[in-house]
Amino acid sequence: MLQIRDLIWGLLFAGCAAAIQVQITPTQGEISVGESKFFLCEVVGDAKDIDWYTPSGEKILPNRPDIFVSRGDETMSTLTIYHANVDSAGIYKCVARNGDKEAQATVQVKIFQKITFESAPSPQEFNEGDDADIVCDVVSSPPPTIIWKHKGSRIQVAKDVRFKIMDNGHLQIRGIKKIDEGMYNCEARIMARGEIDFKMIKVVVNVLPTIRARLSEVNATADTEISALLACDADGFPEPTVTWAHNNVVLETGNKYSLSDDGSELLIKSVKKVDEGDYTCIAKNKAGEKAEEVSLNVFVKPRITYLSNQTASEFEEQVTLTCEASGDPTPTISWSFQDRVFTEGEQASWTRPDKYESLDRNIMVRSHARVSSLTLKNVLFTYAGQYLCTASNSIGQDIKQLYLEVRYAPKILGPVTVYTWEGNAANISCEVEAYPGASVVWFRDGLQLPSANTTNLKIYNTPTISYLEITPDSQNDFGSYNCTATNVMGSESKEFLLIQAEVPSSPEIEQVEPFSSTAVVKFEEPDSMGGVPIIKYRVEWRLPGQDWTGKEHYASDDMTAITIVGLKPETTYEVKMSAINGKGEGESSLPSTFKTEPVRYSFTISSETPPPIATTSVALREPSAPMLEVKVQERGNTLKVNWIKQDDGGSPIKHYLVRYKAKHVSDWKPEIRIPHNSEYVMLSGLDWNTEYEVHVVAENQQGKSEPGVISFRTATDPTTIPDAVDGGSGLGTGAIVGILIVVFFLLLVGVDVTCYFLNKCGLLMCIAVNFCGKAGPGAKSKDMEEGQAAFTKDESKEPIVEVRTEEEQTPNQGGGPTEPNETTPLTGPEPAAADTTSTVVNLLPSTATNSVAESLSTAQSSPASETTTLTTSASSPTKAAPAKASPKNSPAAQSSPLNANTQPDVGPLVDLSDTPKAPPSSNPTPPVSEPVSPPSANADGPQSQRDTVKAPDSTQNKDLQVDGPAKDAPNALCTDSTTPAHNDGKTVKDDSTKGETEVKNATAEVKTVPNEAPQTNGNESKA
């Protein structure tokens, strides 16, 4: 079996060796233009050479760039076509050779063009209205079919004649519109291959700008620093840019012009006349440009360019005033003098001057273009003064003034008669009008005044008036006086008469209108005023046959009625009047008789049986409205409203009701009630420059009268503070603060003095102790007396022990810390120096107070050694405890409180009855066995003796005293001094006994107050 198989393989091998076979893979190929592809040539059999040949039969060499041949091994060769083009198409042949044996195979290569958009730009822009040719160039093999789509739908050329697909595949839109804008789809198809591709093309339709000027003409005024705004609105697509041009020059933002961000607004700054003209607004975009003209008209306000003052003399033939003005439009020129206006009938022109002539033919106005003249003929002195030239047009006006000076002789004006009386000074006024100014001289009887023998004359001169003041002494001073005025143009004289004044004639009473308690007297002014004004009217009335009662009333303009008050109802009166001027009182008028009205009541009496008179009616009514007048006070917003009582209606006035308000508001101020006997009310705090309305109502038992009404306006708010102007006495802020500081200081001094006398403390206490060496009044004796009184009143108290520390050789020197007070426990533990000595005093409640058995530790911690004084007191005598006290010391002990000197270092009393004992100190002192009683106080000695704490040898210390003043007391400080003592470890010697007692580190002063323990000893002593 194995041999048969080997045989078959051998036959096959021999057959193959005999022939060569060639196969190309793939057998055919299609390549798109630009693509690359390779072909594999496989040879079966031995082949020495494998070659490839182009469609033209040319052997393909290995080094060609577009076609590459490579042989992988002896049986395989590869043909690679790179970036194929149309020329690469054809039949390629692969030939294998081995000696004389040859085999070949071919492959057909087809090159085709894929759909390729060679030119289809996006976006494509067209102007509105143009025929748009939308480009879409497509190449392929075979040529493609082109389909156009817009807004997702295929364009149907047959339905819209504006659309057309060109032979080259382009889309044509005739008269393209803005609505045709959008995305277009250019789609190419090759049916044979089923190939399809498309390109989206954006079509943009540009719109030619449209432009519109907001104002075709803009008016502006020159030389006013005002700017002119020119504006135009442009529209189009894309958004057009706007520029401005003037005289073919493009304008840019700078000092003269300013453009808005979009260029639509042109601001011309500080318009001048040269800026006038046409301005072009230009809008431009891709579709083109448009332009619009805007005209700027610049007007000029009138300005008077020439006007000159003139001078003339009275009675000259004429004088001409000239005024020139400029402006656009041409201004009209007019003249005015005082209240008269002179103007042309029409505006002047170059060809026809206009002329205006006054009715009196003395004033004529001529105008020619921009010049006007005013001619005054037959000049009078009244023509002198200020003339106004007014140039006006539609833009504004300009006014300037000139002065015409007319030189003329003096003119004397004023009244020629003056009235006065002997002893009353009068002024004769000589008012002179002249140019140039005139000098004035007074004469009488040909003599110039004042003369040497006239003492009752004085002359006062002002620029226009000369006053002659005369105080007549006799009838000779009355008469004629001459005033003569002279200047360079001439002179004039005038006679003035000084006439003796008379008293006025009597006024005439026309009518008396009576009421129940008042009457209104109506009268006419006197026929003769006497030459001087009437000052007052006197009204007098009486009951027939009785004395006259009168009252004076100040006269006022148009005063024709006066009211009499306080009359009795149903009473006949006589009334008369007289007038008073500066000369005196004139004659009284003839008496006029009248009768007051009855008081009218109204009531009804009714009963079951009517009386004969069922109703009695007596007229009673409300009072008449009071008459009001207003007087302004010094402060313009404070006013005094006076009223005059009228008829009371037969019933007494109870009170007046006043209310007021500002006229521009509706709410009244709170009503004010005024007593019946008052005649005015003060209204203060009113608003400045405000009109007020005041109502005053009189009220009686029957009701209220009609209101008396008056209106007034307050003064304008002054620019200065009235109080400051009037020298008011108001206090300023500084004065008030100063007063408060002084009051506060006095209060502190009072408190300090009170503390000095009551509590022995305060600033005054420290001053007295430090600088005067004295304590406060009764500082020590008061404490001792209070303690003694306490023992006297209550025998159950325990002894008072007083412990005092002193420096060596300085009995009254206080140098330790502050003394304990009544609430400071003396036996409590306190820090002390290592060498502090504790002084112990024993208080036995059942024994005499002269014995000391308990020890008290010092309450101070100071390194100084001080002497200690212990003082004990008992409320009643008891048997002496086992102590070494001398009986003869008792009287001295009892008398010591009376003779003891007040010391500034005596501490307050401290109750030790409930205080625990102090623990022993580190350096205890042996217990004191007995106190030593000193002899009676000696004030003559160098130093007073004091009870001392004795050692067992009973030695005394001369510096420890009880009675008598200390010579060193002035050197003592306040009890709260913090100066430390420096007597540590020193020995104090007594001059009499030469004994020595050493007391170390005692810096506290202690007082004890009695406790509640019963006492049996009635004697009182201090040790």
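Everything quoted here is computed from the prediction, not taken from an experiment.

Some points on the overall build of the protein chain
Right, so step 1: Within the protein chain one finds 6 helices and 68 strands.
Right, so step 2: Going through the 1023 residues of the protein chain one by one, you find that 41% of them count as buried.

Digging into the pairing of strand β49 (residues 572-581)
Right, so step 1: Here β49 lies mainly inside the structure; 9 of its 10 residues are buried.
Right, so step 2: Alignment of strand β46 (residues 534-542) against β49, held across 8 bridges, turns out to be antiparallel. Counterpart to Lys536 in the pairing with β49 is Ile580.
Right, so step 3: Bridge count between β49 and strand β50 (residues 592-595): 4 bridges; the pairing is antiparallel.

Let's talk about the pattern of salt bridges
Right, so step 1: One pass over the full model with this rule turns up 26 salt bridges.
Right, so step 2: Among the salt bridges present, the one from Lys273 reaches Glu276, with a minimum N-O distance of 3.4 Å.
Right, so step 3: Residue classification places Lys273 among the partly exposed residues on the basis of a relative accessible area of 32%.
Right, so step 4: Two residues, Glu513 and Lys522, come together in a salt bridge whose shortest N-O distance is 4.0 Å.
Right, so step 5: One salt-bridge network, in which partners are shared between bridges, spans Asp51, Lys59, Arg97 and Glu102.

Focus: the nonpolar core
Right, so step 1: Of all hydrophobic cores here, the largest spans 24 residues; its most connected members are Val22, Ile24, Phe39, Trp52, Leu79 and Tyr92.
Right, so step 2: Looking at this core, the elements with two or more residues in it are β1 (21-25), β3 (37-44), β4 (49-53), β5 (67-73), β6 (76-81), β7 (90-98) and β8 (101-112).
Right, so step 3: Tallying contributions element by element places β8 first for this core, with 5 residues.
Right, so step 4: Not counting chain neighbours up to four residues away, the residues in contact with Tyr92 comprise Ile24, Tyr53, Thr54, Pro55, Ile60, Ile67, Leu79, Ile81, Ala105, Thr106, Val107 and Val109.

Remarks on the state of the cysteines
Right, so step 1: Enumeration over the complete set of coordinates arrives at 5 disulfides.
Right, so step 2: Across the disulfide from Cys41 sits Cys94; the S-S distance is 1.9 Å. The sign of the -85° torsion about the S-S bond sets the Cys41-Cys94 disulfide as left-handed. Note that Cys41 is positioned in strand β3 and Cys94 in strand β7, a separation of 53 residues in sequence.
Right, so step 3: Residue classification places Cys94 among the buried residues on the basis of a relative accessible area of 0%.

Digging into the side chain of Thr518
Right, so step 1: Mapping Thr518 onto the fold places it in the loop between β44 (508-514) and β45 (519-524).
Right, so step 2: Assessed through its relative accessible area of 0%, Thr518 is described here as buried.
Right, so step 3: Those residues in contact with Thr518, other than ones at most four positions away along the chain, are Glu513, Thr563, Ile564, Val565, Leu567, Gln646 and Asp647.

Side note on the environment of Phe478
Right, so step 1: For Phe478, the location among the structural elements is in the loop between β41 (465-470) and β42 (479-487).
Right, so step 2: Judged by relative accessible area, Phe478 falls into the buried class, the value being 9%.
Right, so step 3: Residues Phe478 and Glu422, 56 residues apart in the sequence, show an inter-C-alpha distance of 9.2 Å.
Right, so step 4: Setting aside residues up to four positions removed in sequence, Phe478 forms contacts with Thr420, Trp421, Glu422, Arg444, Pro472, Leu498, Ile499 and Gln500.

Looking at the packing of aromatic side chains
Right, so step 1: For the structure on display, the rule yields 9 aromatic pairs.
Right, so step 2: Plain terms: the ring middles of Trp442 and Phe496 are 5.9 Å apart, the flat faces sit at 50° to each other, and that makes the pair tilted. Here Phe496 lies in strand β43 (residues 490-500) and Trp442 lies in strand β38 (residues 439-444), a separation of 54 residues in the sequence. Both residues of the pair, Trp442 and Phe496, belong to the buried class.
Right, so step 3: Relative to Phe594, the ring of Tyr573 has its centre 5.8 Å away and its plane inclined at 20°; by these criteria the two rings are stacked. On the criterion of sequence distance, the pair formed by Tyr573 in strand β49 and Phe594 in strand β50 is long-range, its members being 21 residues apart. This pair shows no difference in class: Tyr573 is buried, exactly as Phe594 is.
Right, so step 4: Through pairs of rings, three or more aromatic residues link up here, namely Tyr660, Tyr692 and Phe712.
Right, so step 5: If you follow Lys178 out to its NZ or CZ, it ends over the ring of Phe237, 3.3 Å from the centre.

A word on unusual backbone geometry
Right, so step 1: Of note, the bond from Phe237 into Pro238 is cis; its omega dihedral lies within 30 degrees of zero at -5°.
Right, so step 2: Position of Pro238 among the secondary structure elements: in the loop between β20 (228-237) and β21 (241-246).
Right, so step 3: The linkage connecting Tyr435 with the following residue, Pro436, adopts the cis geometry, with an omega of -5°.
Right, so step 4: Positive phi values are uncommon outside glycine, yet Asn378 reaches one of about 50°.
Right, so step 5: Inspection of the secondary structure assignment puts Asn378 in the loop between β33 (371-377) and β34 (385-392).
Right, so step 6: Relative accessible area serves as the criterion here: at 45%, Asn378 is assigned to the partly exposed category.

What about helix α3 (residues 733-758)?
Right, so step 1: Look at α3: 38 Å from first C-alpha to last across 26 residues, which is about the 38 Å you get at 1.5 Å a residue.
Right, so step 2: The positive-phi residue at the C-terminal boundary of α3 is Lys760, with phi of around 55°.

Considerations on the sheet that holds strand β48 (residues 561-564)
Right, so step 1: Ordered in space as β44-β45-β48, the 3 strands form an open sheet in which the pairing is antiparallel. Lying at the two open borders of the sheet, with one neighbouring strand each, are β44 and β48. Each strand of the sheet is rotated relative to its neighbour by a mean of 20°, with strand direction disregarded.
Right, so step 2: Pairing of β44 with β45, which is carried by 6 bridges, proceeds in the antiparallel orientation. The partner of Ile509 across the bridge, within β45, is Phe523.

Let's talk about the sheet that holds β3
Right, so step 1: Taken in spatial order, the 4 strands make up an open sheet running β1-β3-β6-β5, and their pairing is antiparallel. What marks the edges here is a single partner per strand, and that holds for β1 and β5. Averaged over all pairs of adjacent strands, the angle between strand axes in this sheet comes to 20°, irrespective of strand direction.
Right, so step 2: As paired elements, β3 and β6 share 6 bridges and run antiparallel to each other. Paired with Phe39 across the bridge in β6 is Leu79.

Observations concerning the pairing of strand β17 (residues 182-190)
Right, so step 1: Pairing of strand β13 (residues 145-150) with β17 involves 6 bridges; the strand directions are antiparallel. Note on β17: the bridge partner recorded for Trp148 is Cys186.
Right, so step 2: Sheet analysis places β17 next to strand β18 (residues 195-213), joined by 9 bridges and oriented antiparallel. When the bridges of β18 are listed, Cys186 appears paired with Lys199.
Right, so step 3: Hairpin connection from β17 to β18: 4 residues lie between these consecutive antiparallel strands, with Gly194 at a positive phi of about 70°.

A closer look at the environment of Thr549
Right, so step 1: For Thr549, the location among the structural elements is in strand β47 (residues 549-554).
Right, so step 2: In this structure the C-alpha to C-alpha distance between Thr549 and Val575, which are 26 residues apart in sequence, comes to 9.3 Å.
Right, so step 3: Those residues in contact with Thr549 that sit more than four places away from it in its chain are Val539, Glu540 and Trp541.

Considerations on a negative patch on the surface
Right, so step 1: A contiguous patch of negative charge, built from Glu217, Asp278, Glu292 and Glu293, is present on the exposed surface.
Right, so step 2: Considering the arrangement of structural elements, one finds Asp278 in strand β25 (residues 277-285).

Some points on a nonpolar patch on the surface
Right, so step 1: Together, Val742, Phe745, Leu746, Val749, Val753, Phe757, Leu758 and Leu764 give the surface a local cluster of nonpolar side chains, amounting to about 720 Å² of exposed area.
Right, so step 2: At 7 residues, the largest contribution of residues to the nonpolar patch is made by α3.

Brief notes about the confidence of the model for the protein chain
Right, so step 1: Model confidence for the protein chain is summarised by a mean pLDDT of 74, while 69% of its residues fall at 70 or above.
Right, so step 2: Within the model, the stretch residues 9-17 combines pLDDT values under 50 with 1 contact to residues more than four positions away or in other chains.
Right, so step 3: This stretch, residues 345-356, has a pLDDT under 50; its non-local contacts, to residues over four places away or in other chains, come to 27 contacts.

Digging into a positive patch on the surface
Right, so step 1: Positive charge collects at one region of the surface, where Lys654, Arg659, Arg673 and Lys704 lie side by side.
Right, so step 2: Here Lys704 is to be found in strand β59 (residues 703-704).
Right, so step 3: What makes Lys704 partly exposed here is its relative accessible area of 47%.

A short note on the environment of Gly45
Right, so step 1: Here Gly45 is to be found in the loop between β3 and β4.
Right, so step 2: Along the primary structure Gly45 and Ala103 are separated by 58 residues, whereas in three dimensions their C-alpha atoms are 10.0 Å apart.
Right, so step 3: Contact partners of Gly45, with chain neighbours within four places excluded, come to Ala19 and Thr75.

Thresholds applied
- Residues numbered from 1 in each chain as written.
- Predicted model: local features only at pLDDT ≥ 70, side-chain atom pairs only at ≥ 80, totals over all residues.
- Heavy atoms only, no water.
- Helix = DSSP H or I, 4+ residues; strand = E, 2+ residues; numbered from the N terminus.
- Buried < 20%, exposed > 50% of the residue type's maximum accessible area, 1.4 Å probe, protein only.
- Pairing = 2+ DSSP bridges.
- Salt bridge = Lys/Arg side-chain N within 4 Å of Asp/Glu carboxyl O.
- Core = buried A, V, L, I, M, F, W, Y, C linked by side-chain atoms within 4.5 Å.
- Contact = heavy atoms within 4.5 Å.
- Disulfide = S-S within 2.5 Å.
- Phe/Tyr/Trp six-rings, centres within 6.5 Å; stacked < 30°, edge-to-face > 60°.
- Lys NZ or Arg CZ within 6 Å of the ring centre and 35° of its normal.
- Expected span 1.5 Å × (residues − 1).
- Axes fitted to C-alpha atoms, helices over the stretch in contact; angles between N-to-C directions.
- Patch = residues over 30% accessible without salt bridge, like charges linked within 9 Å, V, L, I, M, F, W, Y side chains within 5 Å.
- Areas by Shrake-Rupley, 256 points an atom, 1.4 Å probe, with all protein chains shown as cover.
- Lys, Arg positive; Asp, Glu negative; His and termini not counted.
- Charge placed at Lys NZ, Arg CZ, Asp CG, Glu CD.
- pLDDT = per-residue confidence, 0-100.

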